[in-house]
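Spelled out from the first residue to the last, the chains are:
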Amino acid sequence: MEQKLHIYNSINRQKELFEPITPGHVGLYVCGPTVYSDVHLGNVRTFMTFDLVYRYLSFIGYKVRYVRNITDVGHLTGDSDDGEDKIAKKAKLENLEPMEVVQKYTNGFHDVMRIFNILNPSIEPTATAHIIEQIEMIQAIIANGFAYESNGSVYFDVRKFSEKYPYGKLSGRVIDDLYTNTRDLDGQDEKRDSLDFALWKKADDSHLMKWNSPWGIGFPGWHIECSVMSTKYLGKSFDIHGGGMDLKFPHHECEIAQNVGATGHEPVRYWMHGNMLTVNGRKMAKSEGNGFTPEELITGNHKLLDKGYSPMTVRFFFLMGHYASTLDFSNEALQAAEKGYKRMCAAMKLIPQLPASATSAYDTQKWRNECFEAMNDDFNTPIVLSHLFEGVRVINSAKEGSIQLTQNDIATLKLTFEDFFFTVMGLSSEEGGENSKLSASLMEMILNMRTEAKANKDFATSDKLRDALASIQIQIKDSKEGTTWTYEG
Ligand code: AMP
Ligand code: ZN
């Protein structure tokens with residue numbers, strides 16, 4: 001493995017040479033979704049960022065164990081220690097079992113990952129399946145003197161911890177500043193200090209999701225699950241931890257404190273944070289009302305969308321920005337991505353027809369190396385894409401006969417597009433055809449949406465889906481047995 005990969009390590013605020021703990025192997029942990037609602041496109045951006053990381057590490061030869069969890073308990077509406085459990089709240093609202101909510105949105109999340117060609121992780125653990133391990137880690141933290149019980153809940157003692165270990169390094173927060181920023185919150189009186197955060201919370205009778213523990217009936221805090229599941233599957237110290245920028249504080253800062261508090265080890269070698277997808281400069285978020293779902297994206301059925309866009313266009317659009325920069329959504333940017341993506345697909349189709357000559361007028365090997373160099377420079381996909389566009393120019397010139405390529409050059413062009421366009425960046429070509437696994441799952445998802453819309457008597461949406469499919473030469477036919485489709489493109 002000769003690749004000298006450099007990664008921007010958020011905790012040290014600099015690019016560093018990537019050296020895994022065990023040569024040839026990488027442990028990668030990424031915070032997964034809280035499954036209480038449909039994912040929006042902002043969430044997809046973060047999961048696609050780490051899909052790229054997973055793909056590239058695997059491509060350059062590492063054996064990667066990729067753990068991406070599902071948060072199915074403990075994430076409260078206040079994103080801190082206050083409020084209701086997001087899943088329990090939804091369950092009450094929809095009159096469902098909390099686990100029905102979890103299943104419904106986990107399924108939806110998986111559908112979305114599939115249509116964006118985001119690979120499955122090696123392990124997808126859930127918080128509710130690791131309650132015992134969470135209790136054990138909390139006990140270890142208490143035994144080390146960094147947590148205390150109060151009225152059936154357990155809190156992490158930030159002040160005590162900070163006397164022995166650094167706290168706040170990842171987020172750059174200084175303890176004394178934090179005091180001025182804390183609000184008076186529910187349950188604060190149980191805490192010795194307003195900076196302390198919950199590891200375990202006592203549940204009252206009306207609480208839906210609760211378990212027995214040494215401290216009585218309750219449920220785990222939000223942060224402890226990730227400390228537990230990363231340690232269990234990747235060890236006390238592991239290579240890369242990822243998540244969206246908005247999780248740096250409190251979530252990731254608390255994770256570090258918990259791990260160090262329980263094991264005495266810094267858990268993570270490289271912290272990676274994906275930046276936000278924004279709309280007119282504001283973070284895309286459910287609470288902002290500016291988040292659209294993949295369904296809305298495909299149909300174009302949302303006030304922010306001029307038309308529908310394919311998942312691969314969106315993937316291309318995401319890749320046009322570096323993962324650590326904010327990316328602002330706009331119809332113009334998506335249309336530019338659509339055009340670029342189609343241009344690249346069209347050029348790739350020409351490669352097998354290119355005439356070979358005895359002499360070469362273009363150094364394809366140097367060009368291929370530049371693609372690796374861009375990826376090795378903290379996964380710089382906008383630069384990789386600019387190199388691939390240079391490849392498009394070379395292909396088109398060779399086709400017209402204005403540039404000469406040898407058989408070897410043509411083979412290098414083909415291999416490089418296969419490696420970077422398909423394998424590393426996870427794009428697929430436009431014309432999936434009926435045999436493509438991706439188009440099959442995509443179609444299944446769209447047809448399910450249409451069936452659901454019809455069941456809800458939302459004929460505007462069901463017609464829009466049918467028309468959108470017809471516009472890309474996909475005809476659907478309803479019968480008693482269900483809906484079938486044919487591609488006539
Ligand atoms: P959640 O389900 O809210 O915990 O979010 C799942 C993941 O999506 C987290 O890693 C968040 O950081 C990330 N995320 C949320 N909103 C955005 C956004 N607008 N752009 C990019 N990532 C986001
Ligand atoms: Zn997490």
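Residues numbered from 1 in each chain as written. Chains lettered and ligands numbered in written order. Predicted model: local features only at pLDDT ≥ 70, side-chain atom pairs only at ≥ 80, totals over all residues. Heavy atoms only, no water.

Caption draft 1: Quick peek at the overall build of the chain. The helix and strand inventory of the chain stands at 16 helices and 15 strands. Computed over the C-alpha atoms, the radius of gyration of the chain is 25 Å, within 12% of the 23 Å expected from 2.2 N^0.38 for a compact globule of 489 residues. Structurally, the chain occupies a C-alpha span of about 80 × 60 × 35 Å along its principal axes. For the chain, buried positions account for 54% of its 489 residues. Across the chain, every contact between residues at least 6 apart in sequence was considered, and the portion connecting residues at least 24 apart equals 73%. (Helix = DSSP H or I, 4+ residues; strand = E, 2+ residues; numbered from the N terminus. Rg over C-alpha atoms; globule rule 2.2 N^0.38 Å. Buried < 20%, exposed > 50% of the residue type's maximum accessible area, 1.4 Å probe, protein only. Contact = heavy atoms within 4.5 Å.)

Caption draft 2: Representation of the coordination of the zinc ion (ligand 2) within the structure. Taken together, Cys31 (SG), Cys226 (SG) and His251 (NE2) make up the protein donors of the zinc ion (ligand 2), found 2.0 to 2.2 Å from the metal. Spacing between the donor residues of the zinc ion (ligand 2) along the chain follows C-x194-C-x24-H. Placement of Cys31 in the loop between β3 (25-30) and α1 (41-59) and of Cys226 in helix α7 (residues 224-234) is noted, with a sequence separation of 195 residues between them. Comparing Cys31 with Cys226 shows no difference in burial state: the two are buried. (Donors = N, O, S within 2.8 Å, 3.2 Å for Na, K, Ca; no water.)

Caption draft 3: Expanded view of the sheet that holds β3. The sheet built from 4 strands is open, its strands ordered β4-β3-β9-β10 with parallel pairing. Of all the strands in the sheet, just β4 (63-68) and β10 (268-274) have a single pairing partner and so form its edges. Looking at each pair of strands side by side, their axes are set apart by 20 degrees on average, direction ignored. Two strands pair when backbone bridges link them, and β3 and β4 are joined in this way by 6 bridges, in the parallel orientation. Looking across to β4, one finds that Gly27 is bridged to Arg65. (Pairing = 2+ DSSP bridges. Axes fitted to C-alpha atoms, helices over the stretch in contact; angles between N-to-C directions.)

Caption draft 4: Main features of the nonpolar core. Membership of the largest hydrophobic core comes to 140 residues, with the highest contact counts inside it found for Leu41, Phe379, Leu388 and Phe417. Here the element with the most residues in this core is α1; it accounts for 10 residues. Setting aside residues no more than four positions away along its own chain, Leu41 makes contact with Phe116, Leu277, Met284, Phe292, Leu297, Val314 and Phe318. (Core = buried A, V, L, I, M, F, W, Y, C linked by side-chain atoms within 4.5 Å.)

Caption draft 5: Seen up close, unusual backbone geometry. The omega torsion across Phe249 and Pro250 is 0 degrees, close enough to zero to call that bond cis. Take Pro250: it is sitting in helix α8 (residues 248-263). Despite not being glycine, Asn95 has its phi angle at roughly 55 degrees, a positive value. We classify Asn95 as exposed; its relative accessible area is 71%. You will see that Asp378, though not glycine, has its phi angle at about 55 degrees, which is positive. Within the secondary structure, Asp378 is located in the loop between α12 (364-376) and α13 (381-400). For Asp378, a relative accessible area of 3% puts it in the buried group.

All quantities given are derived from atomic positions and should not be read as evidence of function.
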